[in-house]
Amino acid sequence: KYYPSKNELIEAIMRRFMQNHMAADITPILNSNANAVEKLGGLILVLSKNLPKLSEKYLNDLRKHLPSLWNEVEEFRTGIINKNISKIIDQGKKEGLIYDYPTEIIITIILSSIRCVITPQFIFDNNFSMKQAIQTTFKILMGGILTKNGMEIFYKSISENLK
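All of these numbers come straight from a predicted model, not from anything done at the bench.

### Observations regarding the environment of Ser 113
- By the secondary structure assignment, Ser 113 is in helix α5 (residues 103–117).
- Sequence separation between Ser 113 and Asp 90 is 23 residues; the distance between their C-alpha atoms is 20 Å.
- Those residues within four positions of Ser 113 in sequence are excluded, and the remaining contacts are Ile 118, Thr 137 and Leu 141.

This is the structure we're talking about:
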């Protein structure tokens, strides 16, 4: 009734999901006084909670049949990571919780992991759930960038929630 086509309805649903679920849940984490590891953990939990709401089949269909909308989703994910996670990584370096590797390399590794692993095709082909793919990917990534103190915080406060 309110949308002239099915595609426009799907576009409206995805845009609303990105703004009302993802952006709305991520902003309080980014603006909190938490340390960098807690912020990264919070982001992982948001992704683990929200992305499984979209079935792998739905996302795969979106990628295949509405590539321009899929590109918009990719740009949204990339924007969140580039803009926000780089700030968190720099914060973590100052706090001594993240190794002093070049932020650009860390961001590129995170983006590459997301683009390759947390995708409908990978999940469908390898029989993972979205939640399982997100959590495993970020556990591996955190193990590579967190200092000993950072890992202790991660396993005390965040890893328990990723089961």
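This is not the end of the story, as more comes after the structure.
### Concerning a nonpolar patch on the surface
- Judged by side-chain polarity, Tyr 2, Tyr 3, Leu 9 and Ile 13 come together as a nonpolar surface patch covering roughly 450 Å² of accessible area.
- Positionally, Tyr 3 belongs in the segment before α1 (6–30).

### Structural notes on the pattern of salt bridges
- Using the criterion set out here, one finds three salt bridges in the structure.
- Among the ionic pairs, Glu 72 bridges to Arg 15, the shortest N-O distance being 2.7 Å. Here Glu 72 is found in helix α4 (residues 67–94), whereas its partner Arg 15 is found in helix α1, with 57 residues between them in sequence.
- Among the charged side chains, a network of salt bridges with common partners joins Glu 11, Arg 15 and Glu 72.

### Concerning the environment of Ile 44
- For Ile 44, the position within the fold is in helix α2 (residues 36–50).
- Once the C-alpha coordinates of Ile 44 and Lys 64 are considered, the two residues, 20 residues apart in sequence, prove to be 26 Å apart.

Here is what the cut-offs are and how they apply
Residues numbered from 1 in each chain as written. Predicted model: local features only at pLDDT ≥ 70, side-chain atom pairs only at ≥ 80, totals over all residues. Heavy atoms only, no water. Helix = DSSP H or I, 4+ residues; strand = E, 2+ residues; numbered from the N terminus. Contact = heavy atoms within 4.5 Å. Patch = residues over 30% accessible without salt bridge, like charges linked within 9 Å, V, L, I, M, F, W, Y side chains within 5 Å. Areas by Shrake-Rupley, 256 points an atom, 1.4 Å probe, with all protein chains shown as cover. Salt bridge = Lys/Arg side-chain N within 4 Å of Asp/Glu carboxyl O.

Worth remembering: the numbers are spatial, not functional.
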